[in-house]
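A look at the structure
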Amino acid sequence: MTAPRIEIDLSKIRQNTRCLVGHLGSRGITVTGVTKAVCGNPDIAQAMLEGGVIGIADARLRNVVRMRKAGIGCPITMIRTPMQSEVGQIIQCCEASYNTQMETITELAAAARRRGAVHNVVLVVEMGDMRDGLMPEDLEAFASQVAKLPGVALKGIAANFACLGGIAPGAEAMGMLSRMASEVEGSCGPFLELVSGGSSVNLPWALSAGTPGRINNLRLGEAILLGVEPLSGKPIEGLHTDAFALVAEVVETKPKPGSMPSSTFGSALKASGLVQDDDRRIRSILAIGQQDTDAGGLRFPSGVDFLGATSDHTVVDTTNSSFTVGNEMKLRMNYSALMRAMSAPDVAKIIFSEETLKGDVGIRLPRPRAALV
Ligand SMILES: *Cc1c(COP(=O)(O)O)cnc(C)c1O
């Protein structure tokens, strides 16, 4: 089969979604599935929808267009403040967008009015991540301006945590977001349908015993896709951590010294016994590199140690394993490795789905359905 490739198990993504949707649902929190790390892959979006998410969110218009073209009809939210140059398409493809700039909201409203539509606006509040967001003291005045603007509807407020800053939110921050929701309603009228508390980093809070307050939504990517809690990297109980595998092919295997003895001194050193043949270790090269993934974010099979990577080669120590040229190696990816591999044109995306299994009683490995996506 073609290599490098990502093997994607849709049933694990569906099960992870179902598990998180169930746990959060019992606390009154809905889940929006975030597809930006998988480039808006429509099969993955569909698996999230089958797992019970209320909608999809993505940060790039190209991904949204890809999903729409593939027939994903659910509400899609743009979670990066739209560029002014793309407002027309945002109105066409997205039910809602996250916003922080009045100039942009004014453009969105005008574009929506031209189409006879109403676009939903979610205001992002700065709560310490110091990325995008309105300062909390500006929120009420800003919200009432949005509420008065024809062409847009104020749908809710949202916060980001630990995207840039690495600070995990706790009960205090969530309490503050809840209070802000109530204050905005008190001062400018409309009921805020959505109070979105954040991303996968909020799961420890959301699943803990305390009250969720007004928080009624989380936007989840990493937890659904990789089954881990982003800040600690720890697996989340009950979730699959192997929905994705990256497969690369070994193109060189040779015993080599740790470093090349210089040509002048090499033979003399060897003769003197300073460089010994048993210093040699088996190095293997995989035909995959930094252009295809984040090599530092890969986990290798046991007995294989990562030595380094360049744009097209990944060098590993295979002294303690039996890999040889032509073999395929199955690697696990962290979020950054996954994100880059999913967007790399030279990495094939192979979707496995349990539907292909139906009738094949007793066979555990589903057959691949689609090749290059
Ligand atoms: C990426 C992103 C998310 C999802 O983050 P995960 O860590 O993948 O759960 C949520 N909200 C916003 C605004 C994002 O950009």
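Residues numbered from 1 in each chain as written. Predicted model: local features only at pLDDT ≥ 70, side-chain atom pairs only at ≥ 80, totals over all residues. Heavy atoms only, no water.

**Focus: unusual backbone geometry**
- With omega at -5°, the peptide bond leading from Ala3 into Pro4 counts as cis.
- Positionally, Pro4 belongs in the segment before strand S1 (5–9).
- At Cys39, a position not held by glycine, the phi torsion is positive, near 55°.
- Along the chain, Cys39 falls in the loop between strand S2 (30–34) and helix H2 (42–50). (Helix = DSSP H or I, 4+ residues; strand = E, 2+ residues; numbered from the N terminus.)

**As for the packing of aromatic side chains**
- Counted under the stated rule, the structure contains 1 aromatic pair.
- Considering the side-chain rings of Phe300 and Phe306, the 5.7 Å spacing of their centres and the 15° angle between planes classify their relative orientation as stacked.
- On the basis of relative accessible area, Phe306 is assigned to the partly exposed category, the value being 34%. (Phe/Tyr/Trp six-rings, centres within 6.5 Å; stacked < 30°, edge-to-face > 60°. Buried < 20%, exposed > 50% of the residue type's maximum accessible area, 1.4 Å probe, protein only.)

**Focus on helix H6 (residues 139–148)**
- Every buried residue belonging to H6 is among Leu139, Phe142, Ala143, Ser144 and Val146, and all of these are buried.
- Next to the buried residues of H6 lie helix H5 (102–114), strand S6 (119–125), strand S7 (152–159) and helix H7 (171–188). (Contact = heavy atoms within 4.5 Å.)

**Structural notes on the side chain of Asp58**
- Inspection of the secondary structure assignment puts Asp58 in strand S3 (residues 55–58).
- With no salt bridge to any partner, buried Asp58 finds its closest opposite charge in Arg60, at an N-O distance of 6.0 Å.
- Of note is the side chain of Asp58, whose polar atom sits 2.9 Å from the side chain of Asn63.
- The residues contacting Asp58, other than those within four sequence positions of it, are Thr35, Lys36, Gly40, Asn63, Val64, Met67, Thr77, Met78, Ile79 and Arg80. (Lys, Arg positive; Asp, Glu negative; His and termini not counted. Salt bridge = Lys/Arg side-chain N within 4 Å of Asp/Glu carboxyl O. Polar contact = N/O pair within 3.5 Å; in protein donor to acceptor, adjacent residues only side chain to side chain.)

**Regarding the packing of helix H1 (residues 10–25) against H2**
- Where H1 meets H2, the axes come as close as 7 Å, and the angle between the chain directions of the two elements is 40°. For the element pair H1 and H2, the recorded crossing hand is right-handed. Judged by residue contacts, Leu10, Ile13, Arg14, Thr17 and Arg18 of H1 engage Asp43, Ile44, Ala47, Met48 and Glu50 from H2.
- For the contact of H1 with H2, a count of residues per class yields 5 nonpolar, 1 polar and 4 charged. (Axes fitted to C-alpha atoms, helices over the stretch in contact; angles between N-to-C directions. Left-handed = near helix turned anticlockwise from the far one by under 90°. Nonpolar A, V, L, I, M, F, W, Y, C, P; charged D, E, K, R; others polar.)

Taken by themselves, the reported measurements are silent on function.
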